[in-house]
Structures are given as C-alpha cells and as structure tokens.
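Listed below, chain by chain, are the residues.
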Amino acid sequence: MRERCVETDNIVIRHARIIDPSRRMDQVGDVLLSNGEIVVAGTLGVESIPDVCRVIDGTGLVASPGFIDLHCHLREPGFEYKETIAAGSKAGAKGGFTTLCAMPNTDPPIDNAAVVEFIHQKVRQDSLVRILPIGCVTKERKGHELAEMEELASAGVVAFSDDGDPVYDANLMRLALVYSLDLGLPISNHCQDKSLSCNGVMAEGPVATHLGLDGIPAAAEEAMIARDIALAEATGGRLHVAHLSTAGSVPLVREAKERGLSVTAEVCPHHLTTTDQWVLGRKGESVGAAGGLAYDTSTKVYPPLRSQRDVEALVSALVEGVIDCIATDHAPHDLTSKQVTYQDAAFGISVLETALGSLLQLVHTKKLSMEAMVERLTTGPARVLGESYSNLASLEPGTPADIVLFDPEQEWTVDTSEFESKGRNTPLEGTNLKGRVVATFASGRMAYQAPGLKIKESRDKV
Ligand code: DOR
C-alpha cells in the first residue's frame, strides 16, 4: 500500500456506534488507533487519549472493521482503460472497503507467479487499501488444464477462480477442489452452465420476453452449483459459490452446509436490491410497455438481475447466514463497451462506491439488521478466506487499523461523474441513497476522507 495524504499515527474517533462482529460488540464508544494498529475500540477514558492526536467526532456515525470484498475486477494488467489498481483502490476506500480480492480475468490472466508479483508491486506503489490477488483455476482461464495452483499459492493468491467463466470441465473442477484441500484456499466458481445460458443476456422471464431478449434460465446457475456441491462432497474440497443469484440456489447451499460440506457462498448488492424490471430503464418502476429508456445496458450483468421472488429469497438467505457474505463483483467497463445494443454490451456493474448505500436500503426497511450487514461485509468474507485473515475483520487491540466510519442517515444522489472508479456503468446513476462513508482507514492511514469531515488536532478540542 502506498503512503497517503494524512498522517494518522494517533487518531481518536469519539462517541461512534462501534459494531465489531468479531467481538459481538455493538455499543457507543471510542476507537483509538496508533501506529497502524487498533489500541482501543470500546470505552476510552479521556486520560488515555494521547496528547498529540487527531480527533473525529463520531456522534451519529457507525465505526466498524473495514469491509472485505471477496470479488472485484481491478482490470490490471491489460484493461487499464476500464480500471486500474490505483483507481479501483480509491473507489474501494470511498466505499468503505479496506481489503479487495482481485479477480484474475486480466490480460495476461493471473495464472502464474510473475503476474502475481506484478500485482503485488503495483499494489505497493499505487494502492490505498490491501489488495489480495485471486489466481486462475485453469491456465489462461481457458478451461483446458489446471494452472500451477501450488506456484500461485506460494506467490500469495488467496483463492482460485476463472470468474467471468465457470470451470466447465467437471474433472478439472474436481482436481482443483482436491488441490484446494492441500493448499487451504477456496475455489470460487462462477456457476453458470453456458450450454444452458446460451446467448442469454438477461434473466429468463416475462421482462425478457417482452423485450425480445434471450433469457438466462435459473437452471444455468443451479445445475452448476449442484455439480460443484457433488464434487465438493466427493473430494472434501473448499467450494465458494460466487455471486449466487437465484432462489433455487439457496436450498442447494443450505443442504450442503447441513451435510457438513465445506461450501460457502456470496451475494452481490445488486442481486439484493434490483430486479430484471430495471432493464426497462425506469429504475425498477413497473411499466406496462417498454419505453424509450428500455434496454438499459448498465443493468446487464452476470449473473443477471432476476425477479422480486429471487431477491427476497436471497435477502432471507443472507439474514439466515446460508449466504456467508456480500461481495461486490465490481466490474467496471469503459463507455464504449456499454454504449451499444443490449445484446452487444459487456456484462458488469461498477459497484464499490454504491454498495453501502444500496445495502443500507435493506437496513432502513428492516429486512436486514445493521449488525448482520456489517458481519456479512467483514467477518463473513474473512471466514471464507480462512483463519489467518480474521485480524482484517476485527477491532481487537493489536489488529491492523482497517476501519470504516459511515453515516447511515446521510442522503445523497449517485452521480457517476464523481466516481473514483473509471467504470461509470451503474443503473443507480441519479438514484437517491441513504448512507455514506465518511472516512476509511487502511492500516491506520486515512485512505478516504469525505469532504466536510472535521478532524480536530488535539485532545483539548475533544
Ligand atoms: O457481469 C460480470 N462481469 N460478471 C462476471 O462474472 C464478470 C464480470 C467482468 O469481468 O466484467
């Protein structure tokens, strides 16, 4: 991570609502960070506040461990016109994320140690937050032979995935799951049987029929999840289901967990808050016929936005804990990849900067508790990565000071011209969200500071 603008050796956040799921803490208190680590998160006597420090009034704000995103596309190397590690890390910090796991569908793909080393180097030079690379399952993501998984693990990848594409070949998936056991790293599969999704560009259903677009059936996802669960059972390997999107996928994961298999799953903010109605271009408003705004390519994503019934099932599964965590699948694209017909547009939504505001809609409407939302963004993903990452999702004294401070009530309008990400491809442009990040600290350094945040310079001004 590179040095950033504000030195924050001693920082005190006072009177914030501290939510630290790792310690089951939800209380109003203070957080003191010093030399990159948490010193106290809880009750802090005035006498313990260092003489020289910066003080933030956290009244009305939530302080929690920084968010961990298991699934984002930072596009570097190879697609720097869509996103870079520098821009993606700024977007992450603005969204409250202090750890980003970068998917390997780059050019070249992350399928050997040299590319991993290139990313580590870039991260040291350019990134405001922690970036953990994910390695390919197969060489060049082509699905023909396994990548050198051991070499990738030694180089520091935290998981394996051919994301953007599934691992088609069941035997390769089986072997990858065997390796996942030895290496202790999960296989995150993009579950989509493309022989079923064919040329589909949105969810199968009445909206697709109405618009005359090819639909992607739910079975395309569910068939592959069922296959992967069978393979996880046969091998004992570590399966992580990427971006789960259908109601029918939920019981598959639930039953696998009940049978004690090593299966985890993630869901994206857009699959929890938007439906296929959004393809009609009126931000989910139900309309009788396709108007001039229909075929909104910013809604085109893998897996596709689905029905209200699917959304409700996913929210319940997240609440229940069947789905372990929220991951953004931040997939930034350049303008020209999206300013084409719906059929031709690239799949993907730029999510890092809107994730929190979207998810808080579920909190404000009482579908998800604030504590559960924070858990699914912190300890939930850390558990998927494994025990050695638990310190990234905790405010326990001595852990790295990765913290997000957010105002759950702040209302704002999404304006993509203000995005830090190079990807402006979101259907949320112009929508009103409630809840926004005020500051993000990564290893104790300020990675993002909202305009207008007041920082006082000594304890006398507390
Ligand atoms: O919509 C998506 N875009 N889904 C994926 O799985 C890949 C991603 C991309 O890389 O653009």
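The preceding data block contains the structure.
Okay, so let's go over this structure. (Residues numbered from 1 in each chain as written. Predicted model: local features only at pLDDT ≥ 70, side-chain atom pairs only at ≥ 80, totals over all residues. Heavy atoms only, no water.)

### Considerations on the overall build of the chain
From N to C terminus, the chain includes 14 helices and 18 strands. Overall size of the chain, expressed as C-alpha extent along the three principal axes, is 65 × 55 × 40 Å. Sequence-distant contacts, at least 24 apart, represent 76% of the contacts inside the chain between residues at least 6 apart. For the chain, the exposed surface amounts to about 17,000 Å²; the carbon and sulfur share of it is 49%. Counting 43 positive and 63 negative side-chain charges, the chain places the centres of these two groups 4 Å from one another. (Helix = DSSP H or I, 4+ residues; strand = E, 2+ residues; numbered from the N terminus. Contact = heavy atoms within 4.5 Å. Areas by Shrake-Rupley, 256 points an atom, 1.4 Å probe, with all protein chains shown as cover. Lys, Arg positive; Asp, Glu negative; His and termini not counted. Charge placed at Lys NZ, Arg CZ, Asp CG, Glu CD.)

### Digging into the site of the ligand
In the vicinity of the ligand lie 14 residues, with Arg75, Asn105, Tyr302, His333 and Phe347 positioned nearest. When grouped by side-chain class, the residues that make up the shell around the ligand number four nonpolar, seven polar and three charged. (Near = heavy atom within 4 Å. Nonpolar A, V, L, I, M, F, W, Y, C, P; charged D, E, K, R; others polar.)

### Describing the pattern of salt bridges
Summed over all chains, the structure comprises 23 salt bridges. Ionic pairing is found between Asp165 and Lys194, a salt bridge with its closest N-O pair at 2.7 Å. Residue Asp165 is found in the loop between helix H3 (149–155) and helix H4 (170–183), and its partner Lys194 is found in helix H5 (residues 194–197); the two are separated by 29 residues along the sequence. A residue is classified by how much of its surface remains accessible, and Lys194, at 22% relative accessible area, is partly exposed. Between Glu375 and Arg376 there is a salt bridge; the shortest N-O distance is 2.6 Å. According to the relative accessible area criterion, Arg376 is buried, its value standing at 10%. (Salt bridge = Lys/Arg side-chain N within 4 Å of Asp/Glu carboxyl O. Buried < 20%, exposed > 50% of the residue type's maximum accessible area, 1.4 Å probe, protein only.)

### Some details on the sheet that holds strand S9 (residues 187–189)
The strand order across the open sheet built from four strands is S9-S12-S13-S14, with neighbouring strands paired in parallel fashion. The open sheet is flanked by S9 and strand S14 (325–326), the only strands paired with a single partner. Strand contacts of helix H8 (residues 249–258): strand S12 (239–241) and strand S13 (263–267), with the helix running at about 150 degrees to S13, the strand carrying the most contacts. (Pairing = 2+ DSSP bridges. Axes fitted to C-alpha atoms, helices over the stretch in contact; angles between N-to-C directions.)

### Describing the environment of Phe419
Within the fold, Phe419 resides in the loop between strand S15 (403–413) and strand S16 (432–442). For Phe419, a relative accessible area of 8% corresponds to the buried category. It is 7.1 Å that separates the C-alpha atoms of Phe419 and Glu353, two residues lying 66 residues apart in sequence. Contact partners of Phe419, with chain neighbours within four places excluded, come to Ser350, Glu353, Thr354, Val414, Arg424 and Thr426.

### Remarks on the packing of aromatic side chains
Considering all chains together, one arrives at four aromatic pairs under this definition. Aromatic side chains Phe67 and Phe97 sit 5.6 Å apart centroid to centroid with 70 degrees between the ring planes, which places their arrangement in the edge-to-face category. Here the residue Phe67 occupies a position in strand S6 (residues 67–72), and Phe97 occupies one in strand S7 (residues 97–102), the gap between them amounting to 30 residues. According to the relative accessible area criterion, Phe97 is buried, its value standing at 2%. (Phe/Tyr/Trp six-rings, centres within 6.5 Å; stacked < 30°, edge-to-face > 60°.)

### Side note on H8
The complete set of buried residues in H8 reads Ser249, Val250, Val253 and Ala256. Relative to the axis of H8, the buried residues are bounded by an arc of 135 degrees and lie together on one face. Looking at the buried positions of H8, the neighbouring elements they touch are helix H7 (218–235), S12, S13 and helix H10 (308–320). With its phi angle positive at about 80 degrees, Gly260 sits one or two positions after the end of H8. (Arc of directions from axis to C-beta.)

### Focus: the pairing of strand S4 (residues 52–57)
Both strand S1 (residues 10–20) and S4 contribute to a ladder of four bridges, which runs parallel. Following the sheet pairing, Ile11 is matched in S4 by Arg54. Examined bridge by bridge, S4 and strand S18 (residues 456–458) share two bridges and lie antiparallel to one another. Bridging across to S18, Val55 finds its partner in Lys456.

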